[in-house]
2 protein chains.
Amino acid sequence: MMRWFTLLAASLLAGCVQMQSVRGTGDLGVVIERANGRVAVVETTGKTVLGRIEGLGDLSHASVVFSRDGRYAYVFGRDGGLTKVDLLTATIAKRVMQAGNSIGGAISQDGRLVVAQNYQPGGIKVFDAASLELLSEVPAAYGTEGKHSKVVGLADLTGNRFAYALFDAGQIWVTDLSDPRNPKTEKFAAGNQPYDGLVTPDGRHYLAGLFGEDGIALLDTWRPQDGARKILGGYGRGQEKLPVFKMPHLRGWAMAGGNAYLPAIGSHEVLVVDARNWQGVHRIPVKGQPVFVMARPDGRQVWVNFAFPDNGWVQVIDTVAGKVVQTLEPGKAILHMEFTPRGEAVWLSARDDNKVVVYDTATFKPLTTLPMQAPSGIFFTTRAARTGF
Amino acid sequence: MMRWFTLLAASLLAGCVQMQSVRGTGDLGVVIERANGRVAVVETTGKTVLGRIEGLGDLSHASVVFSRDGRYAYVFGRDGGLTKVDLLTATIAKRVMQAGNSIGGAISQDGRLVVAQNYQPGGIKVFDAASLELLSEVPAAYGTEGKHSKVVGLADLTGNRFAYALFDAGQIWVTDLSDPRNPKTEKFAAGNQPYDGLVTPDGRHYLAGLFGEDGIALLDTWRPQDGARKILGGYGRGQEKLPVFKMPHLRGWAMAGGNAYLPAIGSHEVLVVDARNWQGVHRIPVKGQPVFVMARPDGRQVWVNFAFPDNGWVQVIDTVAGKVVQTLEPGKAILHMEFTPRGEAVWLSARDDNKVVVYDTATFKPLTTLPMQAPSGIFFTTRAARTGF
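Criteria and cut-off values
Residues numbered from 1 in each chain as written. Chains lettered and ligands numbered in written order. Predicted model: local features only at pLDDT ≥ 70, side-chain atom pairs only at ≥ 80, totals over all residues. Heavy atoms only, no water. Pairing = 2+ DSSP bridges. Helix = DSSP H or I, 4+ residues; strand = E, 2+ residues; numbered from the N terminus. Axes fitted to C-alpha atoms, helices over the stretch in contact; angles between N-to-C directions. Buried < 20%, exposed > 50% of the residue type's maximum accessible area, 1.4 Å probe, protein only. Polar contact = N/O pair within 3.5 Å; in protein donor to acceptor, adjacent residues only side chain to side chain. Contact = heavy atoms within 4.5 Å. 1 Å grid on protein atoms, 1.4 Å probe; cavity = no way out; pocket = protein on both sides within 12 Å on 5 of 7 lines; lining within 4 Å. Points joined across faces, edges and corners; volume = space filled by probe spheres on them. Nonpolar A, V, L, I, M, F, W, Y, C, P; charged D, E, K, R; others polar. Phe/Tyr/Trp six-rings, centres within 6.5 Å; stacked < 30°, edge-to-face > 60°. Lys NZ or Arg CZ within 6 Å of the ring centre and 35° of its normal. Salt bridge = Lys/Arg side-chain N within 4 Å of Asp/Glu carboxyl O.

Asker: What should I look at first to understand the sheet that holds strand 18 (residues 194-199) of chain B in this one?
Answerer: Adjacent strands of a sheet pair through backbone hydrogen bonds, lying either parallel or antiparallel. Residues and elements named next belong to chain B. Pairing is antiparallel in the open sheet, where four strands are placed in the order 18-19-20-21. Of all the strands in the sheet, the pair left with one neighbour each is strand 18 and strand 21 (228-231). Within this sheet the neighbouring strands show an average axis-to-axis angle of 25°, counted without direction. Across five bridges, strand 18 lies against strand 19 (residues 205-210) in antiparallel orientation. When the sheet's bridge partners are listed, Asp196 is paired in strand 19 with Gly209.

Asker: How should the environment of Asp179(B) be read in this particular structure?
Answerer: With respect to the helices and strands, the residue Asp179(B) is situated in the loop between strand 16 (171-176) and strand 17 (184-189). C-alpha separation for the pair Asp179(B) and Leu135(B), spaced 44 residues apart in sequence, amounts to 9.9 Å.

Asker: Before we go on, may I ask you to explain the side chain of Gln315(B) in this structure?
Answerer: Residue and element names in this part refer to chain B. By secondary structure assignment, the location of Gln315 is in strand 28 (residues 314-318). The class for Gln315 is buried, based on a relative accessible area of 8%. Looking at Gln315, its side chain comes within polar contact range of the main-chain nitrogen of Lys287, at 2.8 Å. One polar contact links Gln315 to Thr327, side chain to side chain, over a distance of 2.9 Å. Every residue in contact with Gln315, bar those within four places of it in the chain, is listed here: Val286, Lys287, Val302, Trp303, Val304, Phe306, Val324, Gln326 and Thr327.

Asker: When you look at empty space enclosed by the protein in this model, what are you seeing that I'm missing?
Answerer: Rolled over the atoms, a probe with the dimensions of a water molecule shows which regions are left empty. The full count for this structure, using the stated rule, is five cavities of 30 Å³ or more. A volume near 220 Å³ is recorded for the largest cavity. Taken together, 19 residues form the lining of the largest cavity, with Gly26(A), Thr382(A), Gly26(B), Thr381(B) and Thr382(B) sitting closest to its centre. Among the residues forming the lining of the largest cavity, the class breakdown is six nonpolar, ten polar and three charged.

Asker: What's the story with the pairing of strand 20 (residues 216-220) of chain A in this structure? I'm lost.
Answerer: Walk down a regular strand and you will see the side chains alternate between the two sheet faces. All names here are of chain A. Of all five residues making up strand 20, five are buried, and the element is well covered by its neighbours. Both faces of strand 20 are covered, namely the face carrying Ile216, Leu218 and Asp220 and the face carrying Ala217 and Leu219. Alignment of strand 19 (residues 205-210) against strand 20, held across five bridges, turns out to be antiparallel. Within strand 20, the position partnered with Ala208 by the bridge is Ala217. Bridge analysis of strand 20 against strand 21 (residues 229-231) gives three bridges, and the strand direction is antiparallel. Each bridged residue has a counterpart across the sheet, and for Ile216 the counterpart in strand 21 is Ile231.

Asker: Looking at this structure, how should I read the packing of aromatic side chains?
Answerer: Remark: the centre distance and the inter-plane angle together describe each pair of aromatic rings, the angle taken between the planes. All chains considered together, the criterion is met by ten aromatic pairs over all chains. With a centroid separation of 6.1 Å and 40° between ring planes, the pair formed by Trp303(B) and Phe364(B) is classed as tilted. Pair noted here: Trp303(B) is in strand 27 (residues 301-306) and Phe364(B) is in the loop between strand 32 (355-360) and strand 33 (366-371), with a separation of 61 residues, a long-range link. We note that Trp303(B), like Phe364(B), is buried. On the basis of an interplanar angle of 85° and a centroid distance of 5.3 Å, the ring pair of Trp347(B) and Phe380(B) is categorised as edge-to-face. Of this pair, Trp347(B) sits in strand 31 (residues 345-350) while Phe380(B) is found in strand 34 (residues 375-380), placing the two residues 33 residues apart along the sequence. By the burial criterion, Trp347(B) is buried, and Phe380(B) matches it. Within the aromatic cluster, the residues linked to one another by ring pairs are Trp303(A), Phe339(A) and Phe364(A). For Lys187(A), the ring lying beneath its charged end belongs to Trp173(A), and the centroid distance is 4.3 Å. Lying across the ring of Trp313(B), Lys287(B) places its NZ or CZ 4.2 Å from the centre.

Asker: Can you walk me through unusual backbone geometry in this structure?
Answerer: For residues besides glycine, phi is generally negative; the peptide bonds are generally trans as well. All names here are of chain A. Cis peptide bonds are those with omega within 30 degrees of zero, and the linkage from Phe308 to Pro309 qualifies with 5°. Mapped onto the fold, Pro309 is located in the loop between strand 27 (301-306) and strand 28 (314-318). Even without being a glycine, Asn354 presents a positive backbone phi close to 50°. By the element assignment, Asn354 lies in the loop between strand 31 (345-350) and strand 32 (355-360). On the basis of relative accessibility, which here comes to 34%, the residue Asn354 falls in the partly exposed class.

Asker: Whenever I open this one, the sheet that holds strand 11 (residues 134-139) of chain B confuses me. Can you help?
Answerer: Residue and element names in this part refer to chain B. If you trace the four strands from one edge of the open sheet to the other, you get 8-9-10-11, paired in antiparallel fashion. On the outer flanks of this sheet lie strand 8 (101-107) and strand 11, each paired with one strand and no other. Each neighbouring strand pair of the sheet contributes to a mean axis angle of 20°, computed without reference to strand direction. Bridge analysis of strand 10 (residues 123-128) against strand 11 gives five bridges, and the strand direction is antiparallel. For Gly123, the partnering residue across the bridge sits in strand 11 and is Pro139.

Asker: Just to check I follow, could you spell out the pattern of salt bridges for this structure?
Answerer: Opposite charge on two side chains permits pairing when their charged atoms draw close. In total, this model carries 36 salt bridges over all chains according to the counting rule given. With a shortest N-O distance of 2.9 Å, Arg38(A) and Glu33(A) are connected by a salt bridge. Residue class for Glu33(A) comes out buried when judged on its relative accessible area of 0%. A salt bridge links Arg68(B) to Glu344(A); its shortest N-O distance comes to 3.0 Å. Placement of Arg68(B) in the loop between strand 4 (63-66) and strand 5 (72-76) and of Glu344(A) in the loop between strand 30 (334-339) and strand 31 is noted, with the two residues assigned to different chains. Like Glu344(A), Arg68(B) is buried. Connected through salt bridges with shared partners, the residues Glu33(A), Arg38(A), Arg52(A) and Glu54(A) form a single ionic network.

Asker: What am I meant to see in the environment of Pro371(B) here?
Answerer: Residue and element names in this part refer to chain B. With respect to the helices, strands and loops of the structure, Pro371 is situated in strand 33. Note on Pro371: relative accessible area 63%, which makes it exposed. Note: C-alpha distance between Pro371 and Phe66 (305 residues apart in sequence) is 24 Å. Setting aside its immediate chain neighbours within four residues, Pro371 contacts Arg52, Asn354 and Lys355.

Asker: When you look at the environment of Asp128(A) in this model, what are you seeing that I'm missing?
Answerer: Residue and element names in this part refer to chain A. Its location among the elements puts Asp128 in strand 10 (residues 123-128). Residue classification places Asp128 among the partly exposed residues on the basis of a relative accessible area of 23%. C-alpha of Asp128 to C-alpha of Phe162: the two residues are 34 residues apart in sequence and 15 Å apart in space. Sequence-distant contacts of Asp128, that is, excluding residues within four places in its chain, are made with Arg112, Glu133 and Leu135. A polar contact is formed between the side chain of Asp128 and the backbone nitrogen of Ser131, at a distance of 2.8 Å.

Asker: Explain the pairing of strand 31 of chain A to me, please; I cannot follow it from the model alone.
Answerer: All names here are of chain A. Across the six residues of strand 31, six count as buried, placing the element largely inside the fold. On strand 31, burial covers both faces: Ala345, Trp347 and Ser349 on one face and Val346, Leu348 and Ala350 on the other are all buried. Where strand 30 and strand 31 come together, five bridges link them in antiparallel fashion. Pairing of Phe339 across the sheet is with Val346, part of strand 31. The antiparallel pairing of strand 30 with strand 31 creates a hairpin that spans five residues between the two strands, and Gly343 there sits at a positive phi of about 80°. With six bridges joining them, strand 31 and strand 32 adopt antiparallel strand pairing. Looking across to strand 32, one finds that Ala350 is bridged to Lys355.

This is the structure in structure tokens:
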């Protein structure tokens, strides 16, 4: 009898282990440890690592979106793996191999659908966010020979719609998933080789950067009947054909004071664009080829990291002064940055120093360093409540 | 021995009761049930009530802010009570009586400080967000006779600063709480009887509506050396001296497409203001005296409720069309509205129908109704990651 009670007590205690999991999720996030196929669960209040989750496959170029309650992270791996991670228990809730080669995904406005964008086979796939059941897919078929395009720049819009670009087809597609098993797709000619895309924070304008020509394709998703048009014809790509060491990530979208801040391709500049008329306003010289150009949530600062060989530097633009006001050297190979929800701090991954460094954005002083194995992307749950992430 | 194990097992089980509390907090919120001194904890994914917490005192004109992890709500009661509520366990974590008469509060950018704005005694008080220990206070003293002003329109800024207006003194104050036990306050002349205030979503511009004269006081908190200036001189208050049935709430701030949408005082209009130069653009006629004018998170729609006798109506402005596109009658005495984090739905409190109604913002169809006792304010945890709430 006593033995039975001991077992009971033990099993009750085992159940109670989860009690440390009673906590808010508003200050949680994940850091991709790309070399190990692992993610670290972190919290931004005490700035600590809460746990690690292994077995997520090839996490080079991984991206992450969050469930609307902030409890689950959906991790899209390069190898086509899609893993639903429970941040509160640091366990894998679900995992499927959904494609051969993938570069990211998005989650619908209502949080019910997770969508992956795939290189191979080219197209998007739609999953139930709870079960990861495949609901439908939209192959990126174009031309007359049944070819499929790589899909890039997938972004969620209001109304459970998604916008994305077809690199090989030179098109922007908008798929309405109000009825998730019956996708409805509108197609727009965009230009030569759209290589990435983003949506403005209000979810209205979808922009696709063009690699094969000079300019950016712009679609007003509130007035899709107008079609996509070309903006920023003198954007830089066509002038000198500079060598490009790393493609910029447009998802590092920055809006501040009515202007958009975009990485130039190849040249050492950040482009400032008036978001009312999409005309270039000016160019800010920076230390290298920009990769991510990200605004602090209040828009007062824009932080920029760079392609090799300048990827040990980070620069900060003051958007009122219109110029670089700070140059930092946080570590080797700064791959990504993420602001805390209200922007008092920024987390930076230094891949080749195996660390994440946290900076105070007011003083530019480092606050803490967290050891990580080859960290790349950093993603906080705040993204769950924002459009276009 | 067996008895001992039974007790052990029972106490372990009791501890485990909290396990139902393992859940994300990104989709949580509270509804004030003002007549009962009670708040309901709700979640916006399944649209249900998770629990109720009693004993919060006088909750007429109550307001709420959230801890940065989304777990705790700080409820400011009219009677000066400040209650820290644990949303995951539906219990009171802490409660203090901090003043005689209060109308709300705010939380610092780093989440460490909770600040209350008080009518009586007039001033602000600063509390440790974890313990609710009083750290400091700033009495709203003005003039030479030691008078104290009512404080209104308290809003958090970046850098752990707070802006607020002194109704009786006609001033805007900005207090820096970087060192919370040693507040540093700057004072600006604002105009006659500022009755409420708000900060733009980027945390830059603080606006105080003036009741005693025609116009709004504007302070650029990134350039405080310029002082406060008057905008919108023809704002409406001075023209006809219309009877005012209920003061509009400026906290129902709406920004969309670079324009701000503000409730007119007394007249049946929403004012549209260009946020780049703070000039009036146009006025949109609405059904009654607007109280809250709130933008859907994407800015495509602005929802408006009204003072008595039109408080059974709600109207929706399409910001691209620039006019009212929908008129709804959700229930009796619509006191407040709150959008889900990404705006697919809006929750409305119908005080005199004892219900909260949830509408789909795309179709304008009611999705569900939740019985509540005399509901007023609705607050979702998404506010934790936003400035000026």
